[in-house]
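Each chain, letter by letter, is given below.
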Amino acid sequence: MVDFLHAAGLRIDWPLEGSSLQARKKETMLFEALAAFNERFAKLQDTLGAAMRHAAVLLGESTESFLKVLAYYEKVAVLDSIETWQALRTVRNLAAHRYEIDYVAIAEHFNTLHTMCPNLYRTAWLFVDHCEKKLAVVPVTGDFAFEFREITVVCVDA
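In this convention, every chain numbers its residues from 1, walking through the sequence in written order. Per-residue local features of the predicted model are confined to residues with pLDDT of at least 70, and side-chain atom pairs are confined, for both listing and counting, to 80 or more; whole-chain, interface and lining totals are unaffected and use all residues. Remark: hydrogens and water are excluded; side-chain values derive from all non-hydrogen atoms of the structure.

### Brief notes about the nonpolar core
Take the buried residues of types Ala, Val, Leu, Ile, Met, Phe, Trp, Tyr and Cys, join any two whose side-chain atoms come within 4.5 Å, and each joined set is a nonpolar core. When accessible area is computed with a 1.4 Å probe and restricted to protein chains, residues below 20% of their type maximum are described as buried, those above 50% as exposed, and intermediate ones as partly exposed. Membership of the largest hydrophobic core comes to 42 residues, with the highest contact counts inside it found for Met52 and Tyr73. Under the scheme used here, helices are H or I runs from DSSP no shorter than 4 residues and strands are E runs no shorter than 2 residues, and both carry numbers assigned from the N terminus. Mapped by element, the contributors of at least two residues to this core are α1 (2–10), α3 (28–58), α4 (66–75), α5 (82–97), α6 (103–135) and α7 (145–157). Any two residues having at least one pair of non-hydrogen atoms within 4.5 Å are treated as being in contact. Excluding residues that lie within four positions of it along the chain, tyrosine 73 makes contacts with Met52, Ala55, Ala56, Leu59, Val78, Leu79, Phe127 and His130.

The following block contains the structure:
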C-alpha cells in the first residue's frame, strides 16, 4: 500500500493551488488521481491501524481500546506521537465525509495529506521493523520489499 500511495502521489503536481484546481475542474484524470491518492492514504492508515492492533495482541499488550494500542506504539517509538496519528486520521476523515466545491479547501486538504505522507511511511517502516524484531513476523512475500524500502528509508533517516 505504501508503493501504491507513493505512485498515486507521483501523478500529481505538488503543491496544489485552488485556482488551478478550479480551472481544471473538468479534467477527470486529475480528479481521478486525487481520488486515488485520497483512497490509498486512507487504506494505508486503516490497514496499518488494524495490523497494529493484531500485532499488539500477539505481543500481549492491552487492546481494549485503540488508544491503548497507540500508547504502546508511541512508547516503543513506532509512532512519533498519538497526536500525530490522530491528526492523520482527522485529515483523512475530513475528505471521506465532506464533498467540497471550494477548490482552495480541496487543494489545502490534498496538500496536507501529501505533507503527512512521510510520517505515515515512517510509521509503516517502523511498524514492520518492530514486528520483525519482536515477533519474527515479516510480509508473506517480498514482492514490494525493494519499493517499500526505497520509499520509507528516506522518511526513517530524516
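### Describing the packing of α3 against α4
Describing two packed helices takes the angle between their axes plus the distance from one axis to the other. Viewed as axis vectors pointing N to C, α3 and α4 meet at an angle of 80 degrees, and their least axial separation amounts to 10 Å. The angle between the axes of α3 and α4 places the two elements in the roughly perpendicular class. Of the residues in α4, those touching α3 at Gly49, Met52, Arg53, Ala55 and Ala56 are Phe66, Val69, Leu70 and Tyr73. Each residue is assigned to one of three groups, with Ala, Val, Leu, Ile, Met, Phe, Trp, Tyr, Cys and Pro labelled nonpolar, Asp, Glu, Lys and Arg labelled charged, and all others, Gly among them, labelled polar. Tallied by class, residues from the contact of α3 with α4 come to seven nonpolar, one polar and one charged. Axis angles are defined between N-to-C directions and span 0 to 180 degrees, where every axis is a line fitted to C-alpha atoms and, for a helix, only to the segment in contact. Small angles under 35 degrees read as roughly parallel and large ones over 145 as roughly antiparallel, with 65 to 115 read as roughly perpendicular and the rest as oblique.

### Let's talk about the pattern of salt bridges
The working definition used for a salt bridge is a side-chain nitrogen of Lys or Arg within 4 Å of a carboxyl oxygen of Asp or Glu. In this structure the tally under the stated criterion is six salt bridges. We note a salt bridge from aspartate 46 to arginine 89, for which the minimum N-O separation is 2.4 Å. Placement of the pair is aspartate 46 in helix α3 and arginine 89 in helix α5, with a sequence separation of 43 residues. You can call aspartate 46 partly exposed: its relative accessible area is 31%. Salt-bridge contacts for lysine 68 lead to glutamate 64; the nearest nitrogen and oxygen are separated by 3.2 Å. Given the relative accessible area of 38%, lysine 68 is considered partly exposed. Note on glutamate 64: relative accessible area 67%, which makes it exposed. A single network of salt bridges, built from pairs that share partners, joins Asp46, Arg89 and Arg92.

### Comments concerning the side chain of arginine 92
Inspection of the secondary structure assignment puts arginine 92 in helix α5. Owing to a relative accessible area of 13%, arginine 92 belongs among the buried residues under this scheme. Ignoring sequence-local partners within four residues, the contact set of arginine 92 consists of Phe41, Ala42, Gln45, Asp46 and Leu113.

### Things to note about the layout of surface pockets
Of the volumes computed, that of the largest pocket is approximately 870 Å³. Note on definitions: the grid is 1 Å and covers protein atoms alone; a cavity is a set of points where a 1.4 Å probe fits but cannot get out; a pocket is an open set with protein on both sides within 12 Å along at least five of seven lines; lining residues have an atom within 4 Å of a point. Residue lining of the largest pocket: 31 residues in total, with Ala124, Val128, Val138, Pro139 and Phe148 positioned closest to the centre. Elements supplying a minimum of two residues to the lining of the largest pocket: α1, α3, α6 and α7. With eight residues, the top contributor of residues to the lining of the largest pocket is α6. A breakdown of the residues in the lining of the largest pocket according to their chemical character gives 21 nonpolar, four polar and six charged. Grid points are joined across faces, edges and corners, and a volume is the space filled by probe spheres set on the points.

### So, the packing of aromatic side chains
Working definition: a ring pair exists when centres of Phe, Tyr or Trp rings (six-membered ring for Trp) sit within 6.5 Å. Plane angles under 30 degrees give stacked, over 60 give edge-to-face, the rest tilted. Inspection of every chain in the model, using the stated rule, returns six aromatic pairs. Judged by centre distance (5.7 Å) and plane angle (65 degrees), the rings of phenylalanine 4 and phenylalanine 144 are edge-to-face. Taken as a pair, phenylalanine 4 in helix α1 and phenylalanine 144 in the loop between α6 and α7 lie far apart in primary sequence, 140 residues in all. In this structure phenylalanine 4 comes out as partly exposed when scored by relative accessible area, which is 43%. Members of the aromatic cluster, connected to one another through ring pairs, are Tyr72, Tyr73 and Phe127.

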